[in-house]
Amino acid sequence: MATKHEQILQYIESLPVGDKISVRRIAKELQVSEGTAYRAIKEAETQRYVSTIERVGTIRIEKKKKENIERLTFAEVVNIVDGQVLGGKSGLHKTLTKFVIGAMQLEDMMRYTDAGSLLIVGNRAKAHFTALKAGAAVLITGGFEASESLKKVADELELPIISTSYDTFTVATMINRAIYDQLIKKEILFIEDIYIPYQETDFLRVSDDVKSYHDKNAQTNHGGFPVVDANQKIVGIVTARDVIGKNHGESIEKVMTKNPITVSMKTSVATAGHRMIWEGIDLMPVVNDAGILEGVISRQDVLKALQLAQRQPQHGETIDDIVKNQMKVLQDDELAVEFTVTPQMTNQFGAISYGAFTTLLAEAGNYAMKNRKRGDSVAENMTIYFIKPVQMDSVLTVRPRILDMSRKFVKMEFDVFHGTLLVGKAMMMFQLLER
């Protein structure tokens, strides 16, 4: 049975794209409290199938698939540029295919402007009318207003006219930044990208016995299975360790591990992998907010996904990518790396930031372990006990030294030099992601 929260989310998702949504409407139609309705609308906004705009309200927008996440709706553009909707509100749910900067003659501008475009232009009334007739929305920069006749045309054609106080260059930069951020999000793997869905998941019920486990094991060759109750709610997990020496007629409920560690669809694969290694488990159930089983992930799937992700080309560069790109392996010392401090890696004083410095150490440590054929790892903890300010454009040499290594952990010390001057010392513990 779905919870009230899930019922509201399902109801919002079933609404036609472009529909206006309000807390009061949902509370009345689904007979829930306004607080419950508000929380569900906020969750729908997080899941990116509704958008809230000041002075307009909340509207149902098209939910993005991961492959076209870099596309924005006009509603999202309004929020990005702190805009005001002057007309064509009923078209805010539409997705823009490209944006055109209106900094040329009208005829030249219109060659690039077609249906689904967003024309970004100042106070040029003729350009506004022509763009709307071509099927494009209009973003007026500089805080200018639109005439009543223009608003009327926008309403008839269901194409938004948006006004923002920013100039054209700033607006283009803000939209580019938003698309760029979404491209980075696109690269992050979530459980929903790799899990085995419920339909293909082998599981046991609390009413089953140990013999059912052995039959399922012989049939699938899997060592562990989630255990569910009559409502498909996860109640436990059972593995070979739990059934060793147990009578075949004994109830699964008695031998299973109760309250297993679970993940949701929106958990990142990196987080799940870290948890699985730390807890020493090979199988994790995937559940929804109500604890209903939606599928499973195995340690093998997680490690494969993490290794594949490391080889993927990035569309949008994060600080980690910039740091990795700056690292060069020194020829004379197989464990040492050289690194140039770029302006993006500095703090307000022009010295290397703590964030970039810790990323540098973690990447150098990972490289050192791969060099020792120890596979992938995650940083467990770090202590920086000496650091000097390092200016931008400085070239640093990082020398990692492995102090202790076990099957699951590696302890490492780092010396960081600028020329011959010692500028940093740190200690790190890594957790090995071994199969």
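Residues numbered from 1 in each chain as written. Predicted model: local features only at pLDDT ≥ 70, side-chain atom pairs only at ≥ 80, totals over all residues. Heavy atoms only, no water.

If you look the protein chain up in an unreviewed UniProt entry, it shows as DRTGG domain-containing protein from Paenisporosarcina quisquiliarum.

**Student:** Can you explain the packing of aromatic side chains? Please cite residues and give values.
**Tutor:** In this structure the tally under the stated criterion is 2 aromatic pairs. For the ring pair Y213 and F225, a centre distance of 5.5 Å and an interplane angle of 75° mean the geometry is edge-to-face. Residue Y213 is found in helix α10 (residues 210-220), and its partner F225 is found in strand β13 (residues 224-228); the two are separated by 12 residues along the sequence. F225 matches Y213 in its accessibility class, with the two residues each being buried. The ring of F190 has K266 sitting right over it, with the charged end atom 5.9 Å from the ring centre. (Phe/Tyr/Trp six-rings, centres within 6.5 Å; stacked < 30°, edge-to-face > 60°. Helix = DSSP H or I, 4+ residues; strand = E, 2+ residues; numbered from the N terminus. Buried < 20%, exposed > 50% of the residue type's maximum accessible area, 1.4 Å probe, protein only. Lys NZ or Arg CZ within 6 Å of the ring centre and 35° of its normal.)

**Student:** I'd like a rundown of the environment of F357, residues and numbers included.
**Tutor:** Its location among the elements puts F357 in helix α16 (residues 354-371). In this structure F357 touches I352, I384, I387, V416 and G424, once residues within four positions along its chain are discounted. (Contact = heavy atoms within 4.5 Å.)

**Student:** Let's hear about the nonpolar core: which residues, and what values?
**Tutor:** Core analysis: the largest hydrophobic core is formed by 30 residues, its most contacted members being F339, I352, L361, L396, V398, M412 and F414. Residue assignment for this core shows that the elements contributing at least two residues are α15 (319-326), β19 (337-340), α16, β21 (395-405), β22 (409-418) and β23 (421-432). The element best represented in this core is α16, accounting for 8 residues. Not counting residues up to four positions away in its chain, the partners in contact with L361 are M382, I384, V398, F414, V416, A426 and M428. Counting residues in hydrophobic clusters, the runner-up holds 21 residues, among them I53, L72, V77 and I179. (Core = buried A, V, L, I, M, F, W, Y, C linked by side-chain atoms within 4.5 Å.)

**Student:** Please give an account of α15 that cites residues and values.
**Tutor:** D321, I322 and V323 are the residues of α15 that are buried. If you follow the buried residues of α15, they end up packed against β19 and α16.

**Student:** Tell me about the confidence of the model for the protein chain, and please be specific about residues and values.
**Tutor:** Averaged over every residue, the pLDDT of the protein chain is 84; the share at 70 or more is 91%. Averaged over each element, pLDDT in the protein chain is lowest for helix α14 (residues 299-311) (72) and highest for strand β10 (residues 161-163) (93). (pLDDT = per-residue confidence, 0-100.)

**Student:** Just give me the short version of the pairing of β13, but keep the residues and values in it.
**Tutor:** Counting buried positions over the 5 residues of β13 gives 5, a clear majority of the element. Covered by surrounding structure in β13 are G224, P226 and V228 together with F225 and V227, the residues of both alternating faces. Looking at chain direction, strand β12 (residues 204-205) and β13 are connected through 2 bridges and run parallel. By the bridge assignment, R205 is partnered in β13 with V228. Alignment of β13 against strand β14 (residues 234-239), held across 5 bridges, turns out to be antiparallel. When the sheet's bridge partners are listed, G224 is paired in β14 with T239. As consecutive antiparallel partners, β13 and β14 are separated by 5 residues, and within that stretch Q232 has a phi angle of approximately 65°, a positive value. (Pairing = 2+ DSSP bridges.)

**Student:** Residue-level account of the side chain of S298, with values.
**Tutor:** You can see S298 is positioned in strand β17 (residues 293-298). The exposure class assigned to S298 is buried, which follows from its relative accessible area of 17%. In this structure the side chain of S298 is engaged in a polar contact, spanning 2.9 Å, whose partner is the side chain of D301. Setting aside residues no more than four positions away along its own chain, S298 makes contact with M276 and D282. (Polar contact = N/O pair within 3.5 Å; in protein donor to acceptor, adjacent residues only side chain to side chain.)

**Student:** Now, about the sheet that holds strand β11 (residues 196-197): what can you tell me, with residues and values included?
**Tutor:** Taken in spatial order, the 3 strands of this open sheet run β11-β17-β16, and their pairing is antiparallel. The strands lining the two open edges of the sheet, one partner per strand, are β11 and β16 (283-287). Here β16 pairs with β17 via 5 bridges, running antiparallel. Each bridged residue has a counterpart across the sheet, and for L283 the counterpart in β17 is S298. On the sheet, helix α13 (residues 269-279) packs against β16 and β17 and is oriented at approximately 140° with respect to β16. (Axes fitted to C-alpha atoms, helices over the stretch in contact; angles between N-to-C directions.)

**Student:** A description of the pattern of salt bridges should follow, citing residues and the corresponding values.
**Tutor:** Counted according to the given criterion, the structure contains 13 salt bridges. For the salt bridge of K211 with D215, the shortest nitrogen-to-oxygen distance reads 3.0 Å. One end of the pair is K211 and the other is D215, both in helix α10 and 4 residues apart, which spans about a single turn. The exposure class assigned to D215 is partly exposed, which follows from its relative accessible area of 41%. Taken together, the salt bridges that share partners define one network made up of R401, E413, D415 and K425. (Salt bridge = Lys/Arg side-chain N within 4 Å of Asp/Glu carboxyl O.)

**Student:** Talk me through the pairing of strand β8 (residues 117-121); I want residue IDs and the actual numbers.
**Tutor:** Taken residue by residue, a regular strand's side chains alternate between the two faces of the sheet. A large share of β8 lies buried, amounting to 5 of its 5 residues. Side-chain alternation along β8 places S117, L119 and V121 on one buried face and L118 and I120 on a second face that is also buried. By the bridge criterion, 4 bridges tie strand β7 (residues 98-101) to β8 in an arrangement that is parallel. Each bridged residue has a counterpart across the sheet, and for I101 the counterpart in β8 is I120. A crossover links β7 with its parallel partner β8, the connecting element being helix α5 (residues 106-112), and its sense is right-handed. The pairing of β8 with strand β9 (residues 137-140) spans 4 bridges and is parallel. Following the sheet pairing, L118 is matched in β9 by A137. Handedness of the crossover joining β8 and β9 through helix α6 (residues 125-133) is recorded here as right-handed. (Right-handed = clockwise from strand over helix to strand, strands pointing away.)

**Student:** Tell me about the sheet that holds strand β18 (residues 328-329), and please be specific about residues and values.
**Tutor:** Spatial ordering of the open sheet is given by β18-β19-β21-β22-β23-β20, a layout of 6 strands whose pairing is antiparallel. For this open sheet the edge positions go to β18 and β20 (377-387), each flanked by a neighbour on one side alone. For β21 and β22, the ladder comprises 9 bridges, and the chain directions are antiparallel. Following the sheet pairing, P400 is matched in β22 by F414.

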